[in-house]
Amino acid sequence: MSDDKNIDFVLRTVEKRDIRFVRLWFTDVLGNLKSFSISAEDLEEAFEEGIGFDGSSVDGFVPLEESDMLAFPDPATFQILPWKSADGTSARIICDIRTPHREPFEGDPRSCLQRQFRKLDEKGYSANVGPRIEYFYFGADSDPRFQSPTPLDYAGYFDLTSFDSSSDLRRVTTMMLERMSVPVEYTFHSSAPSQSAVELRYAEAVTAADNIMTARHVIRAVAYDHDMFASFMPKPLSDTVGSGMFLYSSLFDREGTNVFWAAKTSDSAGAEAHLSDLASHYVAGILKYAPEFTLITNPTVNSYKRIVPGGEAPAYATWGVKNRTALVRIPMHKPGKHQSTRIELRSPDPAANPYLAIAVMLGAGLRGIEEGLPLPEQMNAELLSLSPAELKSRGVVALPRTLGEAVERFRGSEAMRDILGDHIVDFLSDAKQREWEEYSSVVSEWELQKYYAGI
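Figured I'd write up the structure that's included with this text. Predicted model only: the values in this text are computed from it and were never measured.

**As for the pairing of strand β6 (residues 90-98)**
Of all nine residues in β6, eight are buried, a share of seventy percent or more. Bridging between strand β1 (residues 21-27) and β6 involves five bridges; their strand directions are parallel. Among the inter-strand pairings, Trp25 is bridged to a residue of β6, identified as Ile94. The sheet contact formed by strand β4 (residues 68-73) and β6 spans four bridges and is antiparallel.

The following block contains the structure:
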């Protein structure tokens, strides 16, 4: 549907449903959802002229002297919100941010992802992405400033028991998402106490990122309505696994054929997994540039409590078919289902900005294709149990172990500046360096217990 037809549909729906207010959503560079409301009478003008706002108040946008920005609603993202407010029925539309000259703003994460999508389109490909988001439910009265969050249950992976107190929350969340046209493949109790997961159906890359932002908002809203708190902190509990935001991706040509699949016709590294040469280059690009984009996929100090050698999250830039500790896993597809061939990036966590995370994944994969990078041999779990020194001698590259190391790799990356632009790279490098320095100066409870009386 063309934009004009989409706009006409939105305006007719707003009038027919007597919608008084429309919430305009956009995302800052750090991945926080931002919103302001306009009256339904102003919506037509918003489509044509954009809505001006103060960009200096948004993290990573512009300084005070260049504060004027325009939010242009994308009519394809119009959805009626599935909950009532005091003002009656309302709707939301996701916006693209532009400069006063109507140029795409280089600090807008959604526009950044759209640039990568256009690069793929110029080469004759489209990208589908399917996310799986993990998160924790805690009591609404738990305050981590004074005590560790307390799990609400001790159920495990896929458990269906009376101990899973979050099953009703997941059911309501799924219905809310479906009403907002965000299709859910399935939800389940994940492996840690109080940990849940939702897997969204694959969609075109920008829509997939929109769906992640919508899902995070709905998950939190439903939890709040049930006197719960949903946390997307990568590792809120010390003695359990953390939460990931796994990204499945595949490329299709203009005829709609999945170009990642190939019959096993050679002894190449990817042949066993039925990966085409193009898919092998794509994976090789992700492996090469992963240490440089880790700041995007794992953007907080806490993210690196999840990425440790020997844990479930990947600590090295490796790939494998059955190895779930690899950075990139190739899920097995059913015989005859070649269209479902895809790769799974396992390092991102739910604190990541989904627009930027998908952008660097696609950008790194595209660079691998353009550079014709060879795919190294896959690593199994037994090999990954070798010592760091032994792995290094085999040429296995470690991912950053701290936020400070990730900032250093990211700041100096020519590839990241090409994919994300100088504006985003410079802002995130400075902001995350300050975060790392602040964290490094704080005396933790662990240090007091370890050293206070013993030195």
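**Focus: a negative patch on the surface**
A cluster of like negative charges, contributed by Asp3, Asp4, Asp8, Glu41, Asp42, Glu44, Glu45 and Glu48, occupies part of the molecular surface. Counting residues per element, the ones that place at least two in the negative patch are α1 (3-16) and α2 (43-49). Within the fold, Asp4 resides in helix α1. For Asp4, a relative accessible area of 57% translates into the label exposed.

**Thoughts on empty space enclosed by the protein**
Picture a little ball the size of a water molecule; that probe, rolled over the atoms, points out where space is still empty. Counted under the stated rule, the structure contains one cavity of 30 Å³ or more. Val29, Leu30, Leu295, Ile296, Pro299, Ala351, Ala352, Asn353, Leu356, Leu428 and Lys432 are the residues that line the largest cavity. For the lining of the largest cavity, the secondary-structure elements that each account for two or more residues are α6 (277-297) and α13 (422-440). Its residues assigned to classes, the lining of the largest cavity comprises nine nonpolar, one polar and one charged.

**Concerning a positive patch on the surface**
Where like charges cluster on the molecular surface, the positive patch consists of Lys16, Arg17, Lys84 and Arg179. Topologically, Lys84 is positioned in the loop between β5 (79-80) and β6. Under the relative-accessibility criterion, Lys84 is labelled exposed at 67%.

**Focus: the nonpolar core**
Core analysis: the biggest nonpolar cluster contains 119 residues, and Ile286, Val328, Ile358 and Leu420 have the highest contact counts within it. Excluding residues within four positions of it along the chain, Val328 makes contact with Val283, Ile286, Leu287, Thr318, Trp319, Gly320, Ile343, Glu344 and Leu345. By size, the runner-up hydrophobic cluster in this structure holds eight residues, among which are Ala313, Ala315, Met379 and Val396.

**Quick look at the pattern of salt bridges**
If you walk through the whole model with that rule in mind, you get 20 salt bridges. We note a salt bridge from Arg254 to Asp121, for which the minimum N-O separation is 3.3 Å. Taken together, the residues Arg254 in the loop between β12 (245-252) and α6 and Asp121 in helix α3 (residues 109-122) connect sequence positions 133 residues apart. Look at Arg254 and you get exposed, because its relative accessible area is 55%. Note on Asp121: relative accessible area 38%, which makes it partly exposed. Of the charged contacts in the structure, one is a salt bridge between Arg367 and Glu371, with a shortest N-O distance of 3.7 Å. On the criterion of helical spacing, the pair formed by Arg367 and Glu371 is a turn pair, its members being four residues apart in helix α8 (residues 354-371). Under the relative-accessibility criterion, Arg367 is labelled buried at 11%. Overall, the relative accessible area of 36% leaves Glu371 in the partly exposed class.

**Some points on the side chain of Arg110**
If you trace the backbone, Arg110 turns up in helix α3. A polar contact of 3.0 Å, which involves the side chain of Arg110, links it to the side chain of Asp74. Beyond its immediate stretch of four places on either side in the chain, Arg110 contacts Asp74, Thr77, Ile94, Cys95, Asp96, Val206, Asp210 and Tyr355.

What counts as what
Residues numbered from 1 in each chain as written. Predicted model: local features only at pLDDT ≥ 70, side-chain atom pairs only at ≥ 80, totals over all residues. Heavy atoms only, no water. Buried < 20%, exposed > 50% of the residue type's maximum accessible area, 1.4 Å probe, protein only. Helix = DSSP H or I, 4+ residues; strand = E, 2+ residues; numbered from the N terminus. Pairing = 2+ DSSP bridges. Patch = residues over 30% accessible without salt bridge, like charges linked within 9 Å, V, L, I, M, F, W, Y side chains within 5 Å. Areas by Shrake-Rupley, 256 points an atom, 1.4 Å probe, with all protein chains shown as cover. Salt bridge = Lys/Arg side-chain N within 4 Å of Asp/Glu carboxyl O. Lys, Arg positive; Asp, Glu negative; His and termini not counted. Charge placed at Lys NZ, Arg CZ, Asp CG, Glu CD. 1 Å grid on protein atoms, 1.4 Å probe; cavity = no way out; pocket = protein on both sides within 12 Å on 5 of 7 lines; lining within 4 Å. Points joined across faces, edges and corners; volume = space filled by probe spheres on them. Nonpolar A, V, L, I, M, F, W, Y, C, P; charged D, E, K, R; others polar. Core = buried A, V, L, I, M, F, W, Y, C linked by side-chain atoms within 4.5 Å. Contact = heavy atoms within 4.5 Å. Polar contact = N/O pair within 3.5 Å; in protein donor to acceptor, adjacent residues only side chain to side chain.

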